[in-house]
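Here are the chains, one letter per residue:
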Amino acid sequence: QVQLVESGGGLVQPGGSLRLSCTASGRIFSIKTMGWYRQAPGKQRELVATITWGGSTDYADSVKDRFDISGDNAKNTVYLQMNSLKPEDTAVYYCRTVTHWNDNYWGQGTQVTVAS
């Protein structure tokens, strides 16, 4: 199994920045991709950004040019740098990993609130 622990959420004003972290432990060798998803109240969970162990990235159109996903393999940690935040970015952000055997693991979520 893989365990994921997220941190870095909080309250920020529109236009501000936050950085989320997700640290993996357990069967690290099995990880194929890691990513961030978010779920706003009353909405479905949606993809924000993903990164493969090799460093290839993918982003939702709504966050391109504002968010940046990166990884530190030595620390088994993935980061999501969020800039130019908007109120519509308010959501619980979840870290997810997919293994080479297509097992899914989720973190507990961290709240991001963008408000003045």
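You'll find the structure just up there.
Residues numbered from 1 in each chain as written. Predicted model: local features only at pLDDT ≥ 70, side-chain atom pairs only at ≥ 80, totals over all residues. Heavy atoms only, no water.

Novice: Describe the state of the cysteines, with residues and values.
Specialist: Within this structure, the stated rule accounts for one disulfide. A sulfur-sulfur separation of 2.0 Å characterises the disulfide bridge that pairs Cys-22 with Cys-95. Between Cys-22 and Cys-95 the sulfur-sulfur dihedral comes to about -80°; the bridge is accordingly left-handed. Of this pair, Cys-22 sits in strand β3 (residues 18-26) while Cys-95 is found in strand β9 (residues 91-99), placing the two residues 73 residues apart along the sequence. The exposure class of Cys-22 is buried, given its relative accessible area of 0%. (Disulfide = S-S within 2.5 Å. Helix = DSSP H or I, 4+ residues; strand = E, 2+ residues; numbered from the N terminus. Buried < 20%, exposed > 50% of the residue type's maximum accessible area, 1.4 Å probe, protein only.)

Novice: An account of the sheet that holds strand β8 (residues 77-82) is requested, with residue identities and associated values reported.
Specialist: Taken in spatial order, the four strands make up an open sheet running β1-β3-β8-β7, and their pairing is antiparallel. Both outer strands of the open sheet, β1 (2-7) and β7 (67-72), are each paired with one neighbouring strand and no more. Adjacent strand axes in the sheet meet at a mean angle of 15°, parallel and antiparallel pairs treated alike. Bridge count for β3 against β8 is six bridges, and the pairing is antiparallel. Bridge pairing links Leu-18 to Met-82 in β8. (Pairing = 2+ DSSP bridges. Axes fitted to C-alpha atoms, helices over the stretch in contact; angles between N-to-C directions.)

Novice: Which residues make up the side chain of Glu-6, and what values do they have?
Specialist: Looking at where Glu-6 falls in the secondary structure, it is placed in strand β1. No salt bridge is formed by the buried Glu-6; the nearest opposite charge belongs to Arg-45, separated by 7.7 Å. There is a polar contact of 2.9 Å between the side chain of Glu-6 and the backbone nitrogen of Gln-108. Within the structure, Glu-6 has its side chain in polar contact with the backbone nitrogen of Gly-109 (distance 2.6 Å). (Lys, Arg positive; Asp, Glu negative; His and termini not counted. Salt bridge = Lys/Arg side-chain N within 4 Å of Asp/Glu carboxyl O. Polar contact = N/O pair within 3.5 Å; in protein donor to acceptor, adjacent residues only side chain to side chain.)

Novice: Got a sec to walk through the pairing of strand β5 (residues 46-52)? Specific residues and values, please.
Specialist: Direction of pairing for strand β4 (residues 31-39) relative to β5: antiparallel, over a ladder of six bridges. In the strand pairing of β5, Trp-36 is matched with Ala-49. Hairpin connection between β4 and β5: a loop of six residues separates the two successive antiparallel strands, and Gly-42 in this loop has a positive phi of roughly 75°. As defined by bridge partners, β5 adjoins strand β6 (residues 57-59) across three bridges and the pair is classed as antiparallel. Looking at β6, one finds that Ile-51 is bridged to Thr-57. Between β5 and the antiparallel strand that follows it, β6, lie four residues; Gly-55 among them carries a positive phi value of about 105°.

Novice: Pulling in residues and values, what's your account of the nonpolar core?
Specialist: The biggest cluster of nonpolar side chains holds 30 residues, and the ones touching the most others in it are Met-34, Trp-36, Leu-80, Met-82 and Tyr-93. Where this core is concerned, the elements lending two or more residues are β1, β3, β4, β5, β7, β8, β9 and β11 (110-114). Per element, the largest residue contribution to this core is four residues, and it comes from β3. Ignoring any residue separated from it by four or fewer positions in sequence, one finds Met-34 in contact with Leu-4, Cys-22, Ala-24, Thr-50, Ile-51, Trp-53, Ile-69, Val-78, Cys-95, Arg-96 and Thr-97. (Core = buried A, V, L, I, M, F, W, Y, C linked by side-chain atoms within 4.5 Å. Contact = heavy atoms within 4.5 Å.)

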